[in-house]
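Close look at the chain arrangement
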Amino acid sequence: MGLLFPLALTCAVLSIPIIVMYMLRLRRQDVLVSSTLLWQRLVRDRQANVPWQRIRPNLLLLLQLLALALLTLALARPFVTAHMPVSDNLVILLDASASMQATDVVPSRFEAARRIMRDLVSTLESDHTVTIISVGFRPEVLASATGDRSLLRRAIDKASPTNGPANWQAAFALAAGLVGIGNAQVLIISDGALPDTLPPIGAQVRFISVGSGNDNRAITALAVRKSPSGTQAFLRIANFDDEDADLLVELSADNVLFDARRVRIPARSDIGLTITDLPYNMRILQAHLAAADSLQLDNTAWAVHGAPSSKRVLLLSRGNLFLERALSTFPGIELTRLAPDGLTSLDDVDGYDLYVCDGVFTDTLKAGNLWLIAPPLPPTGERLGRGRGVFTNTTLIRIALDDPLLRHVDLRDVHILRAYAIEPPPGAHVLVEAEGGPLLYVVERPEGRQAVLTFDLHDSDLPLQIAFPILTANLLNWLMPTGEAIMAKPARPGDTIQLRPEIGAEKLIITAPDGTQITLPASESPLFADTELPGVYLVQQIGRSGNPISPDTFFAVNLFDESESDITPRAAIRVGQQEVSGTVQGEGRCEFWLWPAMLALGVLIIEWWVYIGMSWSDITGRMLRKPVVTIFRAD
């Protein structure tokens, strides 16, 4: 037996004034008489009312003390433990969130929850059915409405905790469809880290609480940003314990330790750190707490610092206002314009990410990314293509509308006066073709990428069309891949990441922190959902040739969830408008405070009945008894 409110036992001190009241009696007035022979009864009554005398047996006192004891016991809310009854249709919601990996319960909270479920299955009756739902970021039905104990044990063994928060809203919606009609019961096995906005469910809800402590520190935020003074990092650390903590914070850049500092965090609070002395050209920042707490999952965090996005472009042209304006307005472009007079080879200029040659062609092709517009090729050209003069039959006959380079580019209303007849080299991909020959094609070579527009922009109305800036942007993205294929939204375990592949990418290869590789087709907006592991993910974009078409890209997945890092077990949860108290190890608490309260009420009634009976007897005796002596005071 136990007491839910043992502090109420202090009410037992009220028995002291009750006993004192019985020890004290009223003092009578002294009367002088000539003889005491006739006053023996008066003497005995005086002796009985001497203050602070030894208490003699008294029925009223015993009844009052018994009533006080019963009321005190009722206020303490006594209970006895009993095995939790199981209904015919039981749905178990097993918390598989990150906080269930806490080791304050040996070996972990999740293993303790699985032991409770195994004990429950072992006492299952033959006509009962059990459904087991693992509640992670994507709830999973491990066993559905079965009474097969071996199947239920295999489902319990299959269950495993996740590294992120639990989706309780989806789990409750799933459970509501499984409870059915009849004697249904929903059993929640968790440490109580549930939201307060859970909807009501059409079944009896029970809650088994696991966990015993709150010894945990966590990194709750880590971000890298650019500032006028350089690259900065922001770090936030929280202490969820009831005692102050002295922690060692270790900072690494690209797996190389560069800083370690000690911080003191008060109990149940957090602090923020700003780090300014970051290494140059850092890509991945890692922060680690050297703390031996109950949950190690949130002691390490990562942040990815993107590579510089500025690109240098060299424009060789005798004058093309449309092209120059289109290139200069593109974000992240540092444009340099040079006249081709006196320039015999592109090797004379170096250090650019893209070379745009407008009506200019040199005998030697530059090793790098090239965009050639109306190149007057000699008839013997081989590296770029073979020139065949000029053609004027420029009616469009084929447009590769499904190619990403022509995404949102409408060329149906474009008119072209003439174009150079160029035979594309082997491996080239023709995007736009007219009756006389190709108008736009691209080719990948080991030295770099090339895009060739076979007509002069001044010989067409393309610069006047909305398609021109869109085509320019698509070509620049393909010729100068930035590698930033990841949306900038911070990711937590279980989140779905939207990838942004470069133009020309055929597939994406994502390498998880444990080395597992996942391949996705490079559609317009591929989604990556296998983010269960916290850490850094590598993204490689593979082109048609099977080679990477851009620098490697990274994104980080961190817990960053205070509700999971705060591992303090909850004593109760709220489901709809109902508050459900937690039990321990599958045993229910059967309170019986009502019985001592009812007994106390009965004892008080008996006490009043005895008191009234004794008083009435005394009054009646006084009325019937005749006085034999008149008492007076002698002067």
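Residues numbered from 1 in each chain as written. Predicted model: local features only at pLDDT ≥ 70, side-chain atom pairs only at ≥ 80, totals over all residues. Heavy atoms only, no water.

What follows is about helix H4 (residues 109-122). Between its terminal C-alpha atoms H4 stretches 20 Å, which fits the 20 Å expected from 14 residues at 1.5 Å a residue. Of all the positions in H4, only Arg109, Phe110, Ala112, Ala113, Arg114, Ile116, Met117, Leu120 and Val121 are classed as buried. Structurally, H4 contributes buried residues whose contacts are with strand E3 (89-95), strand E4 (129-135), helix H5 (149-158), strand E6 (184-190) and strand E7 (204-209). (Helix = DSSP H or I, 4+ residues; strand = E, 2+ residues; numbered from the N terminus. Expected span 1.5 Å × (residues − 1). Buried < 20%, exposed > 50% of the residue type's maximum accessible area, 1.4 Å probe, protein only. Contact = heavy atoms within 4.5 Å.)

To continue, consider the pairing of strand E31 (residues 572-575). Burial of E31 is one-sided: the residues Ile573 and Val575 facing one way are buried, the residues Ala572 and Arg574 facing the other way are not. Here E31 folds back onto strand E32 (residues 578-583), and the loop between the two strands holds two residues, one of which, Gly576, carries a positive phi near 65 degrees. (Pairing = 2+ DSSP bridges.)

Time to look at the sheet that holds strand E29 (residues 535-543). Reading across the sheet, the four strands line up as E27-E26-E29-E30 and stay open at both edges, with antiparallel pairing between neighbours. One side of each edge strand has no neighbouring strand; the edge strands of this open sheet are strand E27 (517-521) and strand E30 (553-557). Recorded for the sheet is a direction-independent mean angle of 25 degrees between the axes of neighbouring strands. Bridging between E29 and E30 involves five bridges; their strand directions are antiparallel. Looking at E30, one finds that Gly535 is bridged to Val557. (Axes fitted to C-alpha atoms, helices over the stretch in contact; angles between N-to-C directions.)

Strands belonging to one sheet form pairs held by backbone hydrogen bonds; the direction of such a pair is parallel or antiparallel. Within the open sheet, the seven strands sit side by side as E5-E4-E3-E6-E7-E32-E31. Their pairing is mixed. The sheet is open, and its two borders are formed by strand E5 (140-146) and E31, each paired with just one other strand. With strand direction ignored, the average angle separating the axes of adjacent strands in the sheet is 25 degrees. Taken together, the four bridges between E4 and E5 define a ladder with antiparallel strand orientation. Across the sheet, the residue bridging to Ile132 is Ala143, located in E5. Across the sheet, H4 is in contact with E3, E4, E6 and E7; its angle to E3 comes to roughly 165 degrees. Against the sheet, helix H6 (residues 168-179) contacts E3, E4, E5, E6 and E31, and its axis sits at roughly 170 degrees relative to E3.

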